[in-house]
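# Notes for the structure review
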Amino acid sequence: MAIKKSQLYSTLWEGCNALRASGGMDYAQFKDYVLTMLFIKYVSDKYAGKDGLITIPDGATFEDMVALKGQKDIGDKINKQIIRPIFRENGLEGSVELVDFNDDDKLGSDKEKVDLLEDLIRIFENPALNFKNNRAEDDDILGDAYEFLMRHFASESGKSKGNFYTPAEVSRVLAKIIDIEKAESSDFSVYDPTCGSGSLLLKVAMETDRHLSLYGQEKENSVKSLAIMNMWMHGYEDAIIKKGNTIARPDHKEKDGSLKRFDRVVANPPFSVKNWSQGITPLDDEFKRFIHYGVPPDKNGDYAFLLHIIASLKGTGKAAVILPHGVLFRGNAEADIRQNLIERKYIKGIIGLPPNMFYGTGIPACIIVIDKENTDTRTGIFMIDASKGYLKDGNKNRLREQDIHKIVDVFNSQKPLGKYSRFVPFDEIKTNEYNLNIPRYIDTQEDEDIQDLDAHINGGIPQRDVDGMNPYWQVYPSLKSELFEEVRPGYNALKAEATAIKEAIFSHQEFKAYRKEMDKLFESWKTKNIPTLKGIHEETSPKQLIHAIAEDLLTEYSGKALVDRYDMYQHLMDYWLDIMKDDTYMIIEDGWVAKLHIVKQTKKETVYDCDLVPKHLVVNRYFREDLKAIQAKESEKEARENDFTTLLEDNTGEEAIFEDVENGKVSKAELNEKLNEYQDLAFATHFSEHFAAYQATQEKLEKCTLAIREVLEGDLWGMFFEKLANAKGKLVKGNIQERILELQRQITVSDLPDQYKEKVALIKKNNFESLAWEKEIQHPWFEELDVYYHYFTLLSEQGSQRKQIKKQRDVLLTKLKGIMPTDGEYIPEIKTIEKLMALQEEITQLSSKIKEAYSELEEKTIRKYGELTGEEVQTLVVDDKWMTTLSTNIQSEIDEISQRLTGRIMELAERYDSTLGDLGKSVTDYESKVSQHLLNMGVVWS
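How each quantity is defined
- Residues numbered from 1 in each chain as written.
- Predicted model: local features only at pLDDT ≥ 70, side-chain atom pairs only at ≥ 80, totals over all residues.
- Heavy atoms only, no water.
- UniProt positions renumbered as here; feature names shortened; annotations may be inferred.
- Pairing = 2+ DSSP bridges.
- Helix = DSSP H or I, 4+ residues; strand = E, 2+ residues; numbered from the N terminus.
- Axes fitted to C-alpha atoms, helices over the stretch in contact; angles between N-to-C directions.
- Parallel < 35°, antiparallel > 145°, perpendicular 65-115°, else oblique.
- Left-handed = near helix turned anticlockwise from the far one by under 90°.
- Contact = heavy atoms within 4.5 Å.
- Nonpolar A, V, L, I, M, F, W, Y, C, P; charged D, E, K, R; others polar.
- Buried < 20%, exposed > 50% of the residue type's maximum accessible area, 1.4 Å probe, protein only.
- Core = buried A, V, L, I, M, F, W, Y, C linked by side-chain atoms within 4.5 Å.
- Phe/Tyr/Trp six-rings, centres within 6.5 Å; stacked < 30°, edge-to-face > 60°.
- Lys NZ or Arg CZ within 6 Å of the ring centre and 35° of its normal.
- Expected span 1.5 Å × (residues − 1).

Going by the annotation in an unreviewed UniProt entry, the name recorded for the protein is site-specific DNA-methyltransferase (adenine-specific), with Marivirga lumbricoides given as the source organism. On record in UniProt, under Catalytic activity (unreviewed entry), the comment for the protein is "a 2'-deoxyadenosine in DNA + S-adenosyl-L-methionine = an N(6)-methyl-2'-deoxyadenosine in DNA + S-adenosyl-L-homocysteine + H(+)". Quoted verbatim from the Sequence similarities (unreviewed entry) field of UniProt, the annotation for the protein is "Belongs to the N(4)/N(6)-methyltransferase family."

Below you can see the structure in the form of structure tokens.
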């Protein structure tokens, strides 16, 4: 059975994180072990026993590693028998820094290390983490697992150690804005001079069906190793990843020693590196990277990386580089470099990103797009301010799917949008002294909500504010005149009360027509895409599937008034990431089959459910009447509970039946106790003689009970009774009876006189207390029998008195029943308590029936799963699950449109509801009331 991918990745991370904590390593160190283990698992699953690009030596598979569990030298054997043979056989030894699985400093020593490594292996033994049939080039289990782990390690590694990873969302933007679709052969080259773990390069590679030539350089050796493993796991074993400082020692060169030039470059260099020029003399740089532009300041290397990238591009090359916002406006040497770049028309575009997106820093960043092609016809720079579109995710911000799509769409189409994007001519940039700070060119400030002084003084809603809602009036043209009327030139009043505005809008025919139009859009998209969704099969590509249906949704809502098509797109993408993606993988792996699994198992019950087709879907489609019947019982039960609560609350408080009820609840035992209390009060009031006799019997019972307690709690307990108690310390009558018979046998065979033996001759197991027994023989055996006889006599007396009490109380209850129709003293209270008890019993019975009905419904539902056809599963998943949820989510977006209109109108109505004159009159009235009140109190102002 397929496992939910999101659940798998979370489990993988939680296991690794718990293991890291137990071992005491920091995230930056532990990630090397986890990702190396993921690499070994992948290459072993993918290539063991096969002819392929990667060779797995005999004895070096992941299964061979599993076999090492339990061995004291497991760490040394992982190094020598698994890791090194694989890397050596594939030419990676020396180019990859091998993590040491026998490092006592990091992993602990002896049993501690063995346990930690065994637990780490066990995490990757999860059957769902199976790469044998996995396509690394698609958005599959490997890519998702690696991305998930990398993101979490980067997030937890801290400010100085998390910059090995570029957030996937930003990487996708860079990959989509450099015309990678123009790649026509595998010779098409892409370079990342600060490649980190290689995720940015791979995001570019995923944007085309062609196999690209990937190049990277990374300063940190351990991070370079991650990049190489990442490349191999994603089908890019031929990627060339070099180690070293890209500025001081660029290692990708042509045969003549010059810099190698590439078709595309993407990069996320470390921000504002100090001492970037160590190892070179910039003005004498052998690669002439700075000579025509200027030398960046010693303490800020941002432009050093950008100039290296420009020097590494072919004449038709394009690049997208993430840099801090400061490169757009900082002065001095950087200003000169910026001017030189602008004058050469290399900068095609600038995209301002939200703050706090990167793991190494919290400062705002931007994407600078370099394009050496078409510089002769370029007349300006296209700018986007995307800083407002993001999702808060923990302590970081993330681009949403709609943000990514909007940035890419707008940039690639060079489409100007108000407060978001515009094409800025070079002349305007020159006028601004080559300052590229985005707010100089794009005003993203929201329009000020102006307070109208005239309206505050004289009343009325300003026409300016009414006109500010014109986008709505264009859709609902007659609604404006039905909501507003002019009270004086330039000012309006509401025709209806503010509280009735929402109903007026939602019931208006134009709103209904608009809503119907929106419903048709969704139905149109739904009709076109249901066949595609129901056609998911084992060869379906999830990446291509969601792209197709999402683009169709964007097209459907394009150009529609009041709605933002990207908001609609986000609803689909959110649901895809939350539910549909997991469901799609399950269908690809298992087919259109609803497989049950145990979600809870106890001695009393086993609860099943299905991830693909949750039980509620089956119930709603096939057993709706059963469910309605249960819901009717639940409503009835709720009504009885409300009756019970109301009656209880009405009779709780001082001088009420209940002084105080904890949490508004009272138990059955507490009600019984309270009923007995009020019945006794009624007996004493209405049947005093009979009640006196009843109380006398109660006193006898109490004395008898006290006598029994004294027998059992005194010295006699230790002498005679303790040995006859059971394992729980409770006295058992049968044990006493056996002891009496044992004493009888001892006396019978003893040398005691015959008259002693005759005294016990009549004893039988159940008749001792009924004999005419007298204490007359001074002998330990008889003294013990005397104690037992006394105890049994008291028990018999206690039983008789209890029977008498019950009989007397039954008489009293019969008499009480005869006066219940009256309103005599304590009768109303008794009736109330009995009503509460009846309601409580009714609630209990309803609860039992509901539980039984749910149990029967559960059995029916579970049986139905075994009968479901593939076509029925398609209907349950696509129609009942996916489309119903999406329809609800998108409908909420439509409702929000009118909610915003309603909110704005009510805000204006409240703002200008009271004029200055009204407020002055209110002050005068309150002043008069206060003065009169003070006068009544005898206070006179002088």
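Structure's up, so let's keep going.
A separate point is the sheet that holds strand β12 (residues 461-462). On the basis of which strands lie adjacent, the open sheet formed by 3 strands has the order β12-β14-β13 and antiparallel pairing. Since the sheet does not close on itself, it has two edges, and those belong to β12 and β13 (484-488), each with one partner.

Direction vectors running N to C along helix α8 (residues 168-176) and helix α13 (residues 401-413) enclose 20°, while the axes themselves pass 10 Å from each other. Judged on the interaxial angle alone, α13 and α8 are roughly parallel. Seen along the crossing, α8 lies across α13 with a hand that is right-handed. Listed contacts from α13 to E169, R172, V173 and K176 of α8 are E401, I404, I407, V408 and N412. Among the residues forming the contact of α8 with α13, the class breakdown is 4 nonpolar, 1 polar and 4 charged.

Let us now look at the pairing of strand β8 (residues 380-385). Burial runs high along β8: 6 of the 6 residues are buried. Note: strand β6 (residues 347-352) against β8, 4 bridges, orientation parallel. Residue I351 lies in a different strand from β8, and its bridge partner there is I384.

Across the sheet, which stays open at both edges, the 9 strands sit in the order β3-β2-β1-β4-β5-β7-β6-β8-β11 with mixed pairing between neighbours. Looking at the sheet topology across the chains shown, the edges are occupied by β3 (240-243) and β11 (421-425). Averaged over neighbouring strand pairs, the angle between their axes works out to 15° when direction is ignored. Bridge count for strand β1 (residues 189-192) against strand β2 (residues 213-218) is 4 bridges, and the pairing is parallel. Directly across from S189, in β2, lies its bridge partner S213. This element, α8, spans β4 (262-267), β5 (313-324) and β7 (365-371) of the sheet and lies at about 155° to β5. Contacts from α13 reach β6, β7, β8 and β11, with the element oriented near 165° to β8.

Let us look at the nonpolar core. Judged by nonpolar contacts, the single largest core of 90 residues is most densely connected at I177, L214 and I367. Of all the elements, helix α2 (residues 27-47) adds the most residues to this core, at 11 residues. Filtering out sequence-adjacent residues up to four positions away, I367 remains in contact with V173, L174, I177, A320, V321, I322, G349, I350, I351 and L353. Counting residues in each nonpolar core, the second largest holds 74 residues, with L572, I630, V878 and L908 among its members.

Below, the discussion takes up unusual backbone geometry. Positioned with a positive phi, D179 is a non-glycine residue whose angle comes to about 55°. Mapping D179 onto the fold places it in the loop between α8 and β1. With a phi angle near 60°, E655 is a residue other than glycine that sits in the positive phi range. As for its placement among the helices and strands, E655 is situated in the loop between α24 (624-650) and α25 (668-686). For E655, a relative accessible area of 85% gives the class exposed.

Moving on to the packing of aromatic side chains. Counted under the stated rule, the structure contains 24 aromatic pairs. For the ring pair F691 and Y694, a centre distance of 5.8 Å and an interplane angle of 25° mean the geometry is stacked. One end of the pair is F691 and the other is Y694, both in helix α26 (residues 688-713) and 3 residues apart, which spans about a single turn. What makes F691 buried here is its relative accessible area of 7%. Classification of Y694 as buried rests on a relative accessible area of 4%. Ring geometry for Y756 against F782: centres 5.6 Å apart, planes inclined by 70°, an arrangement best described as edge-to-face. One end of the pair, Y756, is in helix α29 (residues 754-760); the other, F782, is in helix α30 (residues 780-819), and 26 residues separate them in sequence. The partly exposed category is assigned to Y756, whose relative accessible area is 23%. We classify F782 as buried; its relative accessible area is 1%. Grouping aromatic residues by their ring pairs yields a cluster made of F720, F721, Y788, Y791 and F792. Here the guanidinium or amino end of K502 rests over the ring plane of F506, the centre of that ring lying 5.8 Å away.

Let us look at the side chain of R809. Along the chain, R809 turns up in helix α30. On the basis of relative accessibility, which here comes to 13%, the residue R809 falls in the buried class. Excluding residues that lie within four positions of it along the chain, R809 makes contacts with N676, Q679, D680, F683 and Y694.

In this fold, T246 is placed in the loop between β3 and β4. We classify T246 as buried; its relative accessible area is 5%. Setting aside residues no more than four positions away along its own chain, T246 makes contact with Y191, P193, Q217, R289 and H308.

With that out of the way, let us pick up the pairing of strand β14 (residues 491-494). The sheet contact formed by β12 and β14 spans 2 bridges and is antiparallel. Its bridge partner lying in β14, I461 is registered against N492. Joining the antiparallel neighbours β13 and β14 is a turn of 2 residues, in which G490 adopts a positive phi near 85°.

Over its 13 residues, α13 runs 18 Å from end to end, which matches the ideal 18 Å to within 8%, given 1.5 Å per residue. If you check which residues of α13 are buried, you get E401, Q402, D403, I404, H405, I407, V408, V410 and F411.

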